[in-house]
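# A look at the structure
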Amino acid sequence: MKVEEKYRYLFGPVPSRRLGLSLGVDLNPVKVCTENCVFCQIGRTTELTMARQEWVPTVEVLAEFDRWHAAGRRTDYVTLSGSGEPTMHTGFGEVLRHVKATSSFRTALLSNGSLFWMPEVRRDAAEADVVKVTLSAWDEDSFRRIHRPAEGLMFPRLLEGERMFRNEFAGLLWVEVMLLPGFNDAPAQVKAIAALANSLQANAIHLNTTTRPARAGLKVPRVPEAWLRTVATWFSPEAEIPVFAGRSVSPLDMSDAALLELLARHPLALDAMAASSGADLAAVERRLAPLVAAGQLAVEEHHGERMVRVNRP
Ligand code: SF4
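This one's a predicted model, so the numbers in the text were calculated from it and none came from an experiment.

What follows covers unusual backbone geometry. In most cases, non-glycine residues show a negative phi, while peptide bonds are predominantly trans. Going from Gly12 to Pro13, the amide bond is cis rather than trans, its omega being 5°. Mapping Pro13 onto the fold places it in strand β1 (residues 10–16). Of note, the bond from Ser236 into Pro237 is cis; its omega dihedral lies within 30 degrees of zero at 0°. When you line up the elements, Pro237 lands in the loop between α7 (225–231) and α8 (256–265). Of note, the phi angle at Arg148 is positive, near 45°, even though the residue is not glycine. When you line up the elements, Arg148 lands in the loop between α4 (140–147) and α5 (155–168). The class for Arg148 is partly exposed, based on a relative accessible area of 21%. Not every positive phi belongs to a glycine, and Gln201 is a case in point at roughly 50°. Relative to the helices and strands, Gln201 resides in the loop between α6 (187–199) and β9 (204–208).

Turning our eyes to something else, we now look at the pattern of salt bridges. Scanning the entire structure with this criterion turns up ten salt bridges. Between Arg122 and Glu168 there is a salt bridge; the shortest N-O distance is 3.1 Å. A residue pair is termed long-range when its members are at least 10 positions apart, and Arg122 in helix α3 (residues 119–125) and Glu168 in helix α5 qualify at 46 residues. Using a relative accessible area of 8% as the deciding quantity, one classes Arg122 as buried. For Glu168, a relative accessible area of 48% translates into the label partly exposed. The residue Arg145 makes a salt bridge to Asp141 at a minimum N-O spacing of 3.5 Å. Residue Arg145 and its partner Asp141 are located together in helix α4, separated by four residues, close to a single helical turn. Of the residues examined, Arg145 reaches a relative accessible area of 32% and is grouped as partly exposed. For Asp141, a relative accessible area of 49% puts it in the partly exposed group. A single salt-bridge network, built from bridges that share partners, covers Arg97, Arg123, Asp124 and Glu127.

Thresholds applied
Residues numbered from 1 in each chain as written. Predicted model: local features only at pLDDT ≥ 70, side-chain atom pairs only at ≥ 80, totals over all residues. Heavy atoms only, no water. Helix = DSSP H or I, 4+ residues; strand = E, 2+ residues; numbered from the N terminus. Buried < 20%, exposed > 50% of the residue type's maximum accessible area, 1.4 Å probe, protein only. Salt bridge = Lys/Arg side-chain N within 4 Å of Asp/Glu carboxyl O.

What follows is the structure, encoded as structure tokens:
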């Protein structure tokens, strides 16, 4: 009988739109973040702060990665992401350095960019092969409405930090722009964001809209794909529209615990689960059915897709 090891800080590997297979490393307890974005899929930020500290023991994270790696597992990227803003953890640079020193995996940092005005954050972030930062606002007011930041976090500071990082960072910088109907998707608003995003001279700009149910307390609908395609040309380089791609461990081969852990962090479309793992859709449905019947998972329609998520008490 196959025994799956439990991991506390690692999750996946999950199929990532841009990174292929991505082993996630979660350095934040749920839910510590510098922002409380209206579109957040993890849930409402319960500890909204700019404080940087060792939120979870770095030594335990490194030991867990070593155990995972020693078991012969593979991934394309080891990615700092998860339940909050990874740069809030004072050991995030050490984790990046450790992965690079002990494995051949590439590293990625998915950040909201809010702390890049700090020199020590920029220095440690530069250890990653790929850094993705967010830029979905164009001024202080739009920043507050969309990201609902911690006290003291101002939009000019975030923008300046991201600009300084671009000037210092030789790796791949990706900028994610999240468009939300009624918040920042009007033509003049998108043009204002594009002007700022273009000034970052990113290697790629990813135009996104909500693709999973927001769990931060607001129902945020999706911007129509046709609009995304239209405004993509306003960005330089031209913005990329999300396409779900990547290989994944088949849900048919995962234990209940592993499935629940994966879906707790990444609500996934049924079709995407099947397509990304090469499994038959009907077989995936049969695999999930007992967990749905037991009330542990919920399947809900979200913009025409059947999303599977963990039922939280
Ligand atoms: S979307 Fe990211 S930055 Fe925004 S609240 Fe959620 S974890 Fe924090």
